There are 2 protein chains.
Amino acid sequence: MQAGKPVLYSYFRSSCSWRVRIALALKGIDYDILPISLIKDGGQQFTKEFKTLNPMSQVPTLKIDGIILTQSLAIIEYLEETRPTPVRLLPQDPKKRAHVRMISDLIASGIQPLQNLSVLKKVGQETQLAWAQAVINSGFGALEHVLQSTAGKYCVGNEISMADLCLVPQVANAERFKVDLSSYPTINRINKTLLTMEAFQVSHPSRQPDTPPEFQA
Amino acid sequence: MQAGKPVLYSYFRSSCSWRVRIALALKGIDYDILPISLIKDGGQQFTKEFKTLNPMSQVPTLKIDGIILTQSLAIIEYLEETRPTPVRLLPQDPKKRAHVRMISDLIASGIQPLQNLSVLKKVGQETQLAWAQAVINSGFGALEHVLQSTAGKYCVGNEISMADLCLVPQVANAERFKVDLSSYPTINRINKTLLTMEAFQVSHPSRQPDTPPEFQA
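Residues numbered from 1 in each chain as written. Chains lettered and ligands numbered in written order. Predicted model: local features only at pLDDT ≥ 70, side-chain atom pairs only at ≥ 80, totals over all residues. Heavy atoms only, no water.

(A) How the structure looks around the domain arrangement of chain A. Residue and element names in this part refer to chain A. Along its sequence, chain A is carved into domain 1 (7-86) and domain 2 (94-200). Each of domain 1 and domain 2 has a C-alpha centre, and the two are 20 Å apart. For the pair domain 1 and domain 2, the two sides together bury roughly 1600 Å², of which 68% comes from carbon and sulfur. Area buried by domain 1 at its contact with domain 2 is led by Trp18, Arg19 and Leu73, which between them contribute 35% of it. Between arginine 101 and glutamate 77 there is a salt bridge whose closest N-O contact spans 2.7 Å. Remark: the boundary between domain 1 and domain 2 carries two residue pairs in polar contact (both at pLDDT 80 or more). Elements with a contribution of two residues or more to the side of domain 1 that touches domain 2: helix 1 (15-26) and helix 3 (72-82). Looking at which element gives the most residues to the side of domain 1 that touches domain 2, the answer is helix 1, with eight residues. (Domains from an automatic or database assignment. Buried area = accessible area lost by both parts, 1.4 Å probe. Salt bridge = Lys/Arg side-chain N within 4 Å of Asp/Glu carboxyl O. Polar contact = N/O pair within 3.5 Å; in protein donor to acceptor, adjacent residues only side chain to side chain. Helix = DSSP H or I, 4+ residues; strand = E, 2+ residues; numbered from the N terminus.)

(B) Spatial organisation of the UniProt feature "domain: GST C-terminal" (unreviewed entry) in chain A. When the UniProt feature table is mapped onto this chain, "domain: GST C-terminal" (unreviewed entry) is found at residues 93-213 of chain A. For residues 93-213 of chain A, the helix share is 64%, the strand share is 0%, and the end-to-end C-alpha distance is 44 Å. (UniProt positions renumbered as here; feature names shortened; annotations may be inferred.)

(C) Seen up close, the pattern of salt bridges. Per the stated rule, a full pass over the model turns up 18 salt bridges over all chains. Salt bridges here are not isolated pairs; linked through shared partners, they connect Glu77(A), Glu81(A), Arg97(A), Arg101(A), Glu77(B), Glu81(B), Arg97(B) and Arg101(B).

(D) Spotlight on the UniProt feature "domain: GST N-terminal" (unreviewed entry) in chain A. If you check UniProt for "domain: GST N-terminal" (unreviewed entry), the listed places come out as residues 4-87 of chain A in our numbering. End C-alpha to end C-alpha, residues 4-87 of chain A measures 22 Å, and it is 35% helix and 19% strand.

Structural data, given as structure tokens:
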């Protein structure tokens, strides 16, 4: 595979895709988006062609530097290691790095997988809203507690990090599932601060090439 | 908090705890285990005391260097950054590092959270075996495909890595849920190779201080 401009396989409303879109924006990496609809045609992620790129049938998937990468946090760590400037997504101090990864994993392993589309389909239409709310409330309760000791302006101190790239898309999911955010003042505050930044705005689900008109900002 | 000998809060059968136990063994780190039963007393992870350590009420949790860390992969990355010898758990090459993290996340975000005890409880006793099998088969199908292009003797080439620390405990879960492993020859082969190593044996669920007699090797 020739290494040209990176190509991101993305779905406008996928919170894991959004994490990577923020990273690409913060690092100023020019890339093309190839939209994969998780809904149209029974889910374009299940086509044979896409499965050769990502056998998990998931977005995001990134073609970059002649390789194909999947799993949003693995992609972000790769971008960090190969393109550390202009914005670092992990602090220099190992303990702070651990806190960033801890918060990122709390969201990426502890919340998001349990409320994603494929799980909610299995749970069934009648109970899926209550299921998603329970998962997010449980995770956000823990996250709020963690943030009270790690947060400054952002999730870990006053420097933006990978943890913030996980936070904002997860809050958007929470809002979509009508979770009351008033119990999570720190999450709420950091989310609002981050949403004022350009990298979070250009990568927002409402501003993607595959955003349907009714979801456009 | 004073930094003394590290303390691992662990449950013998928790696959995420096992990942960290393997890392500690490979790196030759002396530590104490403090068992947290996920079953006794309605789950010791839910006590107020434990929740102050880990608000997610999950094992593993590691006290080390004066801080408390949660999330197995964040813990392993911290051990790697602060104790790179005698055995490295991430390769030097950024592309290979990305493959290691991709496989680790495939298991840690894409399989394990969907078949852990708390989810199976919510799914209900009648359907939990079929649910767990479906999740593991779907993930292992993808993983087998990925490994066919990344694996050598181990998950990524011929050096042991964090991906291997995720693989073996997940295969043990698969066996517990009676998943037929014959469709996954690469997974099966790597698992068997790894299980011959001392670090995987001393950390095995059958050899922990909290292993009940009926699960002892």
